[in-house]
Amino acid sequence: MDAEQTRALGASLGSLPEPRLACAMTRPAPAPSPAAPVPLDLERMRRAGAGDPQAQAWLMTHVMQRVRRIARAFHRSSADADDAAQLALLAILESASTYRGEAAVEAWARRIAVRTILRHVKQQRRDGAPAAPESAIDEEIAQAPHQPPFEALPRAARAYLEALPEAQRDVIILHHALDYSIEEIAGMTDVSPDTVKSRLRLGIGALRKQVRQDIAVGRKRTA
């Protein structure tokens, strides 16, 4: 990760007016996925669940890019991200027979991927796994269509995120780095939309406090 990738993350949260913060927290949700898939997708998923190699290959190709992006956003090490992505893809494949078409394949797979990857992250935290020096969090947030209100952070975004409680950090990454709506995050994490909003509000408030403290002591980003 180079400095150019993280430059767009900079922010002076300490001087951010509350209305702008609220606006960023309640940005318009992405266009919803189709409520029902096309018949071909239903047939492909039926065949994938039955073990058809071609249908399984289609499913993996269809969801792989999104699954990898989710894994990279939550893991500091590319090796750990690859492991988490593989676990998520396996979980999606093993669950193919349960697909009933209540949502588009992408949305259905995304929920399984997020839950699997969050479990992997929590297990690593419990095990005290060492963190590699690299991170994709900064890059993911910088590339998101709706970035959080950051402009010139004294430290890398990951340094601030890692100081947050797990639940707040997870929803900020899901919402701001991966661009999921409040309702989508609620479904993925099995909590109410109000709980998601509360975690976002508290997390952003804590981030802003950290930045204020760094600015007060004149902390500068190191190369």
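As the structure is a computational prediction, the values presented were derived from the model and not from experiment.

The rules behind these values
- Residues numbered from 1 in each chain as written.
- Predicted model: local features only at pLDDT ≥ 70, side-chain atom pairs only at ≥ 80, totals over all residues.
- Heavy atoms only, no water.
- Helix = DSSP H or I, 4+ residues; strand = E, 2+ residues; numbered from the N terminus.
- Contact = heavy atoms within 4.5 Å.
- Areas by Shrake-Rupley, 256 points an atom, 1.4 Å probe, with all protein chains shown as cover.
- Salt bridge = Lys/Arg side-chain N within 4 Å of Asp/Glu carboxyl O.
- Buried < 20%, exposed > 50% of the residue type's maximum accessible area, 1.4 Å probe, protein only.
- Core = buried A, V, L, I, M, F, W, Y, C linked by side-chain atoms within 4.5 Å.
- Arc of directions from axis to C-beta.
- pLDDT = per-residue confidence, 0-100.
- Axes fitted to C-alpha atoms, helices over the stretch in contact; angles between N-to-C directions.
- Parallel < 35°, antiparallel > 145°, perpendicular 65-115°, else oblique.

**Quick look at the overall build of the protein**
Item 1. Along its length, the protein carries 11 helices and zero strands.
Item 2. Overall, the protein shows an N-to-C arrangement of helices and strands of α-α-α-α-α-α-α-α-α-α-α.
Item 3. The contacts of the protein with a sequence gap of at least 6 include a subset with a gap of at least 24, amounting to 78%.
Item 4. As displayed, the protein offers around 11400 Å² of accessible surface, 53% of which is attributable to carbon and sulfur atoms.

**Remarks on the pattern of salt bridges**
Item 1. Within the structure shown, the criterion is met by seven salt bridges.
Item 2. Aspartate 41 is paired through a salt bridge with arginine 44; the nearest N and O atoms lie 3.7 Å apart. Highlighted residues: aspartate 41 and arginine 44, both in helix α3 (residues 39-49), separated by three residues, approximately one helical turn.
Item 3. Looking at aspartate 41, the relative accessible area reads 14%, which means it is buried.
Item 4. Overall, the relative accessible area of 23% leaves arginine 44 in the partly exposed class.
Item 5. Via salt bridges that share partners, Glu43, Arg46, Arg47 and Asp52 belong to a single interconnected network.

**A short note on the nonpolar core**
Side chains of nonpolar character tend, in soluble globular proteins, to be buried together.
Item 1. In terms of nonpolar packing, the biggest core is built from 49 residues, with Leu59, Phe74 and Ile92 touching the most fellow members.
Item 2. When contributions to this core are tallied by element, the ones reaching two or more residues are α3, α4 (53-74), α5 (78-94), α6 (105-127), α8 (157-161), α9 (166-177), α10 (182-189) and α11 (193-216).
Item 3. Here this core gets 10 residues from one element, more than from any other, and that element is α4.
Item 4. The residues touching phenylalanine 74, leaving out its near neighbours within four places in the chain, are Ile117, Leu118, Val121, Asp170, Ile173, Leu174 and Leu178.

**A few points about α3**
Item 1. Of the residues making up α3, those classed as buried are Asp41, Met45 and Ala48. Taken end-on, α3 shows its buried residues confined to a sector of 60°, consistent with a single buried face.
Item 2. Phi turns positive one or two residues past the end of α3, at glycine 51, with a value near 95°.

**Digging into the environment of alanine 88**
Item 1. Within the secondary structure, alanine 88 is located in helix α5.
Item 2. Classification of alanine 88 by relative accessible area gives buried; the value is 0%.
Item 3. Those residues within four positions of alanine 88 in sequence are excluded, and the remaining contacts are Val67, Ala113, Thr116 and Ile117.

**Some words on the confidence of the model for the protein**
Item 1. The pLDDT averaged across the protein works out to 75; a share of 69% of its residues lies at or above 70.
Item 2. Overall, residues 1-35 carries pLDDT values under 50, and its contacts beyond four positions in sequence, including any with other chains, amount to 76 contacts.
Item 3. The low-confidence segment residues 140-151 (pLDDT under 50) makes 42 contacts with residues lying over four places distant or belonging to another chain.

**Examining α10**
Item 1. Those residues of α10 that fall on the buried side of the exposure criterion are Ile182, Ile185, Ala186, Gly187 and Met188.
Item 2. Positive backbone phi, at 60°, marks aspartate 190, one or two positions downstream of α10.

**Considerations on the packing of α9 against α11**
Item 1. For the pair α9 and α11, interaxial distance at closest approach is 8 Å and the crossing angle is 100°. With respect to α11, the axis of α9 lies roughly perpendicular. Residue-level inspection shows Ala167, Gln168, Val171, Ile172, His175 and His176 of α9 in contact with α11, the latter providing Val196, Arg199, Leu200, Leu202, Gly203, Ile204, Ala206 and Leu207.

**Description of the environment of threonine 116**
Item 1. Mapped onto the fold, threonine 116 is located in helix α6.
Item 2. What makes threonine 116 buried here is its relative accessible area of 9%.
Item 3. Placed 30 residues apart in sequence, threonine 116 and glutamine 86 show a C-alpha to C-alpha distance of 10.0 Å.
Item 4. Setting aside its immediate chain neighbours within four residues, threonine 116 contacts Leu87, Ala88 and Ala91.

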